[in-house]
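Listed below, chain by chain, are the residues.
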Amino acid sequence: MASASATLLKSSPILDKSEWVKGQNLRQPAVSVVRCHPTAPSALTVRASSYADELIKTAKTIASPGRGILAMDESNATCGKRLASIGLENTEANRQAYRTLLVSAPGLGEYISGAILFEETLYQSTTDGKKMVDVLVEQNIVPGIKVDKGLVPLPGSNNESWCQGLDGLSSRTAAYYQQGARFAKWRTVVSIPNGPSALAVKEAAWGLARYAAISQDSGLVPIVEPEILLDGEHGIDRTFEVAKKVWAEVFFYLAENNVMFEGILLKPSMVTPGAECKDKATPQQVADYTLKLLHRRIPPAVPGIMFLSGGQSEVEATLNLNAMNQSPNPWHVSFSYARALQNTCLKTWGGRPENVKAAQEVLLVRAKANSLAQLGKYTGEGESEEAKKGMFVKGYVY
Amino acid sequence: MACVSFAKLNAASSQWIGGQQSFAQRPGPSTRLATRRVSVPIRAGAYTDELIQTAKAIASPGRGILAIDESNATCGKRLSSIGLDNTEPNRQAYRQLLLTTPGLGEYISGAILFEETLYQSTTDGKKFVDCLREQKIVPGIKVDKGLVPLPGSNNESWCQGLDGLSSRSAEYYKQGARFAKWRTVVSIPCGPSALAVKEAAWGLARYAAISQDNGLVPIVEPEILLDGDHPIERTLEVAEKVWAEVFYYLAENNVIFEGILLKPSMVTPGAEHKEKASPDTIAKYTLTMLRRRVPPAVPGIMFLSGGQSEVEATLNLNAMNQSPNPWHVSFSYARALQNTVLKTWQGRPESVEAAQKALLVRAKANSLAQLGKYSAEGESEEAKKGMFVKGYTY
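Nothing here was measured: the structure is a model prediction, and the numbers come from that model.

Our focus in this paragraph is the overall build of chain A. Along chain A, the regular secondary structure elements total 13 helices and ten strands. When the 398 residues of chain A are sorted by exposure, 61% land in the buried category. Across chain A, the fraction of contacts at a sequence separation of at least 24, relative to all contacts at a separation of at least 6, is 78%. Total accessible area on chain A is roughly 15100 Å²; 54% of this is exposed by carbon and sulfur atoms.

Within the structure shown, the criterion is met by 19 aromatic pairs over all chains. Aromatic side chains phenylalanine 335 of chain A and tyrosine 337 of chain A sit 5.6 Å apart centroid to centroid with 40° between the ring planes, which places their arrangement in the tilted category. When the ring of tyrosine 47 of chain B is compared with that of tyrosine 173 of chain B, the centres are 5.1 Å apart and the planes differ by 55°; the resulting orientation is tilted. Placement of the pair is tyrosine 47 of chain B in the segment before α1 (48-58) and tyrosine 173 of chain B in helix α6 (residues 165-175), with a sequence separation of 126 residues. Ring pairing ties together the aromatic residues Trp206, Phe252 and Tyr253 of chain A together with Trp202, Tyr248 and Tyr249 of chain B, which thus form one cluster.

The next subject is the pattern of salt bridges. Any two side chains of opposite charge can pair, so long as their charged atoms come close to each other. All names here are of chain A. Summed over the entire model, instances satisfying the criterion amount to 32 salt bridges over all chains. We note a salt bridge from glutamate 227 to arginine 187, for which the minimum N-O separation is 2.7 Å. Of this pair, glutamate 227 sits in strand β7 (residues 221-228) while arginine 187 sits in strand β6 (residues 183-190), and the two are 40 residues apart along the sequence. Look at glutamate 227 and you get buried, because its relative accessible area is 6%. A relative accessible area of 8% places arginine 187 in the buried class.

Moving on to the environment of glutamate 272 of chain B. All names here are of chain B. Secondary-structure assignment places glutamate 272 in the loop between β8 (261-262) and α9 (279-293). Linking glutamate 272 and lysine 390, residues 118 residues apart in sequence, is a C-alpha distance of 9.1 Å. For glutamate 272, the contacting residues outside a window of four places in its chain are Asp227, Gly228, Asp229, Phe388 and Lys390.

The next thing to look at is the sheet that holds strand β7 (residues 217-224) of chain B. Residues and elements named next belong to chain B. One closed barrel holds the eight strands; their spatial order is β1-β2-β3-β6-β7-β8-β9-β10, and the pairing between them is parallel. Bridge analysis of strand β9 (residues 300-303) against strand β10 (residues 328-333) gives four bridges, and the strand direction is parallel. Bridge pairing in β10 places glycine 300 opposite histidine 328. On the sheet, helix α7 (residues 194-213) packs against β6 (179-186) and β7 and is oriented at approximately 175° with respect to β6.

So, about the sheet that holds strand β8 (residues 265-266) of chain A. Residues and elements named next belong to chain A. One closed barrel holds the eight strands; their spatial order is β1-β2-β3-β6-β7-β8-β9-β10, and the pairing between them is parallel. Here strand β1 (residues 68-72) runs beside strand β2 (residues 112-117); their pairing, made up of five bridges, is parallel. Following the sheet pairing, alanine 71 is matched in β2 by isoleucine 116. This element, helix α8 (residues 236-256), spans β6, β7 and β8 of the sheet and lies at about 150° to β7. Those strands touched by helix α10 (residues 314-324) are β9 (304-307) and β10 (332-337), and its axis lies near 170° from that of β10.

Taken as a whole and assessed by the stated rule, the structure comprises eleven cavities of 30 Å³ or more. Taken as a whole, the largest cavity encloses approximately 170 Å³ of empty space. Taken together, 18 residues make up the lining of the largest cavity; nearest its centre are Phe251 and Arg297 of chain A together with Phe247, Tyr248 and Arg293 of chain B. Of all elements in the fold, only α8 and α9 (283-297) of chain A together with α8 (232-252) and α9 of chain B reach the threshold of two or more residues within the lining of the largest cavity. Partitioned by chemical class, the residues of the lining of the largest cavity number 14 nonpolar, no polar and four charged.

Turning our attention to the environment of glutamate 50 of chain B. All names here are of chain B. In this structure, glutamate 50 sits in helix α1. With relative accessibility at 24%, the residue glutamate 50 sits in the partly exposed group. Expressed as a C-alpha distance, the spacing of glutamate 50 and glutamine 212, which sit 162 residues apart in the sequence, is 9.9 Å. Excluding anything up to four places from it in sequence, glutamate 50 contacts Tyr173 and Arg178.

Below, the discussion takes up the side chain of glutamine 308 of chain B. All names here are of chain B. With respect to the element layout, glutamine 308 can be found in the loop between β9 and α10 (310-320). Judged by relative accessible area, glutamine 308 falls into the buried class, the value being 9%. Within the structure, the side chain of glutamine 308 is placed 2.9 Å from the side chain of asparagine 316, a separation counted as a polar contact. Beyond its immediate chain neighbours, meaning those up to four positions away, glutamine 308 contacts Met266, Ala313, Asn316 and Met387.

It is worth spelling out the confidence of the model for chain A at this point. Residues and elements named next belong to chain A. Taken residue by residue, chain A gives an average pLDDT of 89. The fraction at 70 or more is 87%. Long-range and interchain partners of residues 1-18, a stretch whose pLDDT sits below 50, account for 39 contacts in this model, where long-range means more than four residues apart. Confidence drops under a pLDDT of 50 for residues 23-44, and excluding neighbours within four residues, the segment shows 47 contacts in the predicted structure.

Residue and element names in this part refer to chain B. In this model, chain B carries a mean pLDDT of 90, and residues with pLDDT of at least 70 account for 89%. Low pLDDT, under 50, characterises residues 1-14; the predicted model gives this stretch 27 contacts beyond four residues in sequence or across chains. When the criterion is pLDDT under 50, residues 20-41 qualifies, and its contacts beyond four places in sequence or with other chains add up to 43 contacts. The complex prediction reports pTM at 0.85, with the ipTM value standing at 0.81.

On to the packing of α8 of chain A against α8 of chain B. Between α8 of chain A and α8 of chain B, whose axes approach to 10 Å, the crossing angle comes to 165°. One element, α8 of chain A, and the other, α8 of chain B, form an angle in the roughly antiparallel class. Both α8 of chain A and α8 of chain B take part in a crossing whose hand is left-handed. Contacts from Lys245, Ala248, Glu249, Phe252, Tyr253, Ala255 and Glu256 of chain A in α8 of chain A reach Lys241, Ala244, Glu245, Tyr248, Ala251 and Glu252 of chain B in α8 of chain B. Taken together, the residues that form the contact of α8 of chain A with α8 of chain B break down as seven nonpolar, no polar and six charged.

Let us look at helix α1 (residues 52-62) of chain A. Residues and elements named next belong to chain A. Those residues of α1 that sit buried are Ala52, Leu55, Thr58, Ala59 and Ile62. Down the axis of α1, the smallest arc covering the buried residues is 130°, so these residues share one side. In α1, the exposed positions that point more than 90 degrees away from the buried face belong to Asp53, Lys57 and Lys60.

So, on to the packing of α10 of chain A against helix α12 (residues 356-374) of chain A. Residue and element names in this part refer to chain A. Running from N to C, α10 and α12 cross one another at 20°; their axes reach a closest spacing of 7 Å. What the angle tells us is that α10 and α12 run roughly parallel. For the pair α10 and α12, the crossing hand works out as right-handed. In this structure, α10 contributes Glu314, Val315, Ala317, Thr318, Leu321 and Asn322 to the contact, and α12 contributes Arg366, Ala369, Asn370, Leu372, Ala373 and Gln374. Split into classes, the residues belonging to the contact of α10 with α12 amount to six nonpolar, four polar and two charged.

What counts and how
Residues numbered from 1 in each chain as written. Chains lettered and ligands numbered in written order. Predicted model: local features only at pLDDT ≥ 70, side-chain atom pairs only at ≥ 80, totals over all residues. Heavy atoms only, no water. Helix = DSSP H or I, 4+ residues; strand = E, 2+ residues; numbered from the N terminus. Buried < 20%, exposed > 50% of the residue type's maximum accessible area, 1.4 Å probe, protein only. Contact = heavy atoms within 4.5 Å. Areas by Shrake-Rupley, 256 points an atom, 1.4 Å probe, with all protein chains shown as cover. Phe/Tyr/Trp six-rings, centres within 6.5 Å; stacked < 30°, edge-to-face > 60°. Salt bridge = Lys/Arg side-chain N within 4 Å of Asp/Glu carboxyl O. Pairing = 2+ DSSP bridges. Axes fitted to C-alpha atoms, helices over the stretch in contact; angles between N-to-C directions. 1 Å grid on protein atoms, 1.4 Å probe; cavity = no way out; pocket = protein on both sides within 12 Å on 5 of 7 lines; lining within 4 Å. Points joined across faces, edges and corners; volume = space filled by probe spheres on them. Nonpolar A, V, L, I, M, F, W, Y, C, P; charged D, E, K, R; others polar. Polar contact = N/O pair within 3.5 Å; in protein donor to acceptor, adjacent residues only side chain to side chain. pLDDT = per-residue confidence, 0-100. Parallel < 35°, antiparallel > 145°, perpendicular 65-115°, else oblique. Left-handed = near helix turned anticlockwise from the far one by under 90°. Arc of directions from axis to C-beta.

This is how it looks when you write it as structure tokens:
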């Protein structure tokens, strides 16, 4: 007799998502005296991935004091937008030139612990013919790789999106590991103006959890990024509410997928009002709300929380991070910025070789500012006007 | 379009995440969404500040909880073990001995009572809750209605008590209780089945929300029973699953994490496992579990002793406090605080003082363990005796 809730599946002692919390056979519940015979219990703790130690070490290295991540994983299309903004064509040579500028900035590794690359860049060499990954490793920067395949409409939702990329992810990640990547990144989004619907949140969280498990299996530390988009006119309380829901679901599914928490990094959006909300929030308010969220949702086993900047200006992003580091946190609280690190650098370069050095210096200025912010020691003195310009683009699509 | 309901939804868990949306029509490419939005922050309860304050007070350095909430039947077992009848006067005499121990409040921050005791007084007519308050010990109350068989499971149990819980909790608050306790169990030899774990976690989450609504800090206790011959790795596996589910449902029920306390079992091998684990090993596994599952917003984690000897329970707690933790890691012990006390008392009035001294010895030992400063020198043989009873029921 099979009652609805407890199936009679003989579950193998190997981790199987079935009716048992691992490792046990179910006997007939109809029999009045049910003796339980546990099968030889699996001694597996979490999923003892063969990469467990390395994952923990990599995550810790990236989450090192005074350092954060340079996100430079723009898809070719998005990189095209960046290049177009300084009047350059979207060619491989131009993308190569720009990425060379970034990874070769002297001394970058003092402030940057990891760099997220797009697939093309992972396999590229610099204009000097040196592998990008080798340049990074020499700079003491861990190479990472964007592994998702972008956002597409989510059927049955309220005009929301889901993130593709699980198909073939296992072999892709194995190949990336061979090429030198040691962490991965997957960005999905949640839209407050569109709900968010329970469906969209569940799909976002489940996709992240599946991706994280596959990444760890292949030796890549997964960066877990459910971006709650800035778009909207909602107040900061609403963002807080949604963020709590999203992260509760993310962690529940991460656990269900036996992801090892000591070997992941998070990339949340900060808790702020919507971009079109009439009330702005100070860095202190952003810090208070964001830290409260983290305290309520992030177990201390997670070594690092690397915030995305998502449309904030360079200076805003730095100020907010700094405000979050005014007292010790149970996890490394740092940055994984793309636009908030690259904006001024890009404009300074303008595509001209004679500006490369100046552009690299500007990159170091931003990297150092955020390094200080990670240590809670940033003062806004001397920041340029460019750095203070907001970068929010309504309905922004990568 | 099976997935999205077109009903107007409330701000609770439904197809929408909080807020209120009316889903006027199926979204087309140019459909504007119905926009009346009501922003609802987490259930700002009337008692939020007080809950946070109470939880912090209980989770204060060097202090822990004295659990004396044995039901009348279980208290009867304790009394008969020293040859006493299970009468109200005897229960009153025993609880009086415990609660009027001078200086208890230096090591004990909270005491969990059974309903009878919450409404009882000393033989001098002083309310027990008043005795406790004077000692700066927060009175707590057991609110569950015990374990019964769980249909459809593998001979497992579930914990009753949600019916009428709101009014009960409100009454207990009026009587002076400021925290509540609900103990459910999970059995590794019986699976545990996904059903039993889900029911345990969901019941705890519902109870916690109702408690907070009524001003009581809920102690969240999913006890993973010691029974079994499984190794410590298996306990860790099950504990991680249980706590993941508990926290997920607590969040879903909008429980305020700053206003709860946890009462986990430590991560140890099963009682019948061939290898014993050292305090350091237990500490390592237990802290790993806590770090993986407990957000730092939770102010205190008060371990149950569940059959360990008095000294074991103290040693293990001490091992967990050798370096700073993001939460207060302490004790909520019943047998591990009361065992020697009971035996010293034997029901004799002339032994009350000695028994109270014995209670202070144990309370102080655990206080030191909470601070990571305990050493086992000078412990009696009685204190080292294990108290595991196979298939033990409260």
